[in-house]
Amino acid sequence: MLKKPLIIGNWKMNKTPEESDDFLQKVLDYEAEAKPNCEIAVSVPFICLSTCIDKSKSSPIKIGAQNCYFEENGAFTGEISASMLSRIGADFVILGHSERRRYFSETSEIINLKVRSAIKNGLDVVICVGESLSEKEKLIADEIILMQTKIALFGVDINSLSKVSIAYEPLWAIGSGDIEKIEKINEMCEKIHRVVDQIYNKGASATMKVLYGGSVNIKNLSKILSKANTDGVLIGSASLVSDEFLKIIEFASKHT
Ligand code: PGA
């Protein structure tokens, strides 16, 4: 791992603004004291964004959303646009998470529109790609990952790749307690880099980050950070408790 590892907590549909304030305070205190050698980001529910953005303003901690809509504004009841996120000071947005694809019927084409809108509005994007268990069993995981990556990046300018992270998250690993085998994570991360180089030009993928996600916790982190060829991790449940999240940051900081 050559770049500073990027550690992203994805709170999903958890925490109130009050709880997020308390959590962020602990992360800020730790960051100010320990100055960890990793990038820290937290992806929070929409209702916690203002609290977290205000709180982390003068710190290097990045705050992001977990979704956005691709239109700028208009009659789209219940949606939040990328320009709205940008205007309130969000740094990034997670797009194409498997839970969005699965429970909210988001297609790769919709995710692509969201990616383009987010980048146009100055946000960094974390694009999630991953195969289901049945796709893995049918030996089409590679095709799924490459297809999702290609569609998500369609029309994205080469100069915007530095704003992109792609998180390889096998669906069956999310919330299961099991991570994918290190060799497979490495293989997938390499394939993602290769396809991005193919789309743009050789070496283009060096400016973006490729992450792993799916049941990452303090116990398996050492294996992932020391052996897997990733630029960081996307963490769900283990990012919900501040002590656990801070242990992960501490560990990541020492293993770079
Ligand atoms: P998990 O979630 O760490 O709880 O498996 C990861 C994710 O869904 O991004």
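Residues numbered from 1 in each chain as written. Predicted model: local features only at pLDDT ≥ 70, side-chain atom pairs only at ≥ 80, totals over all residues. Heavy atoms only, no water.

(A) Spatial organisation of the pattern of salt bridges. If you walk through the whole model with that rule in mind, you get 16 salt bridges. Taking the shortest distance from any N to any O, the salt bridge between lysine 120 and glutamate 72 comes out at 3.5 Å. With lysine 120 in helix α5 (residues 108-120) and glutamate 72 in the loop between β3 (62-65) and α3 (82-87), this residue pair connects regions lying 48 residues apart in the sequence. With a shortest N-O distance of 2.7 Å, aspartate 124 and lysine 163 are connected by a salt bridge. Residue aspartate 124 is located in strand β5 (residues 124-129), and its partner lysine 163 is located in the loop between α7 (141-153) and β6 (164-168); the two are separated by 39 residues in the primary sequence. In the salt-bridge network here, residues are joined through shared partners; they are Asp142, Lys184, Glu187 and Lys191. (Salt bridge = Lys/Arg side-chain N within 4 Å of Asp/Glu carboxyl O. Helix = DSSP H or I, 4+ residues; strand = E, 2+ residues; numbered from the N terminus.)

(B) The sheet that holds β3, seen in detail. Spatial ordering of the closed barrel is given by β1-β2-β3-β4-β5-β6-β7-β8, a layout of 8 strands whose pairing is parallel. The mean angle between the axes of side-by-side strands here comes to 25°, regardless of whether they run parallel or antiparallel. Note that strand β4 (residues 92-95) and β5 share 4 bridges and pair parallel. Bridge pairing in β5 places valine 93 opposite valine 125. Here α5 sits on the sheet in contact with β4, β5 and β6, set at roughly 175° to β4. (Pairing = 2+ DSSP bridges. Axes fitted to C-alpha atoms, helices over the stretch in contact; angles between N-to-C directions. Contact = heavy atoms within 4.5 Å.)

(C) Inspection of the nonpolar core at higher detail. Formed by 68 residues in total, the largest nonpolar core has its most connected members in Ile7, Val93, Val125 and Leu153. By residue number, the principal contributor to this core is helix α8 (residues 182-199), which donates 7 residues. Among all residues touching valine 125, those that are not within four sequence positions of it are Val93, Leu95, Val115, Ala118, Ile119, Lys163, Val164 and Ser165. Ranked by size, the runner-up nonpolar core spans 10 residues in total, among them Ile94, Val126, Leu211 and Leu234. (Core = buried A, V, L, I, M, F, W, Y, C linked by side-chain atoms within 4.5 Å. Buried < 20%, exposed > 50% of the residue type's maximum accessible area, 1.4 Å probe, protein only.)

(D) Up close: helix α2 (residues 49-56). Here α2 has its buried residues at Leu49, Cys52, Ile53 and Ser56. Around the axis of α2, the buried residues are gathered within 100° of arc, so they sit on the same side. On the buried face of α2, the contacting elements are α1 (17-34), β3 and α3. (Arc of directions from axis to C-beta.)

(E) Inspection of the side chain of asparagine 67 at higher detail. With respect to the helices, strands and loops of the structure, asparagine 67 is situated in the loop between β3 and α3. One polar contact links asparagine 67 to lysine 114, side chain to side chain, over a distance of 2.8 Å. Dropping the residues within four chain positions of it, asparagine 67 is found in contact with Phe46, Leu85, Val93, Ile94, Leu95, Arg100, Glu106 and Lys114. (Polar contact = N/O pair within 3.5 Å; in protein donor to acceptor, adjacent residues only side chain to side chain.)

(F) How the structure looks around unusual backbone geometry. Positive phi, close to 45°, is recorded for lysine 35, a residue that is not glycine. With respect to the secondary-structure elements, lysine 35 resides in the loop between α1 and β2 (39-43). Phi angles above zero are rare outside glycine, and leucine 139 is one such case at about 60°. For leucine 139, the location among the structural elements is in the loop between α6 (133-137) and α7. In this structure leucine 139 comes out as exposed when scored by relative accessible area, which is 72%.

(G) Molecular detail of the packing of aromatic side chains. Tallied over the entire structure, the rule returns 5 aromatic pairs. With centroids separated by 5.0 Å and ring planes inclined at 45°, the aromatic side chains of tyrosine 69 and phenylalanine 76 adopt a geometry described as tilted. Since its relative accessible area comes to 18%, tyrosine 69 is described here as buried. Following the ring pairs from residue to residue traces out a cluster consisting of Trp11, Phe23 and Phe245. The aromatic ring of tryptophan 11 is capped on one face by lysine 15, whose charged end is 5.3 Å from the ring centroid. Taking the ring centre of phenylalanine 104 as reference, the NZ or CZ of arginine 100 above it sits at 4.1 Å. (Phe/Tyr/Trp six-rings, centres within 6.5 Å; stacked < 30°, edge-to-face > 60°. Lys NZ or Arg CZ within 6 Å of the ring centre and 35° of its normal.)

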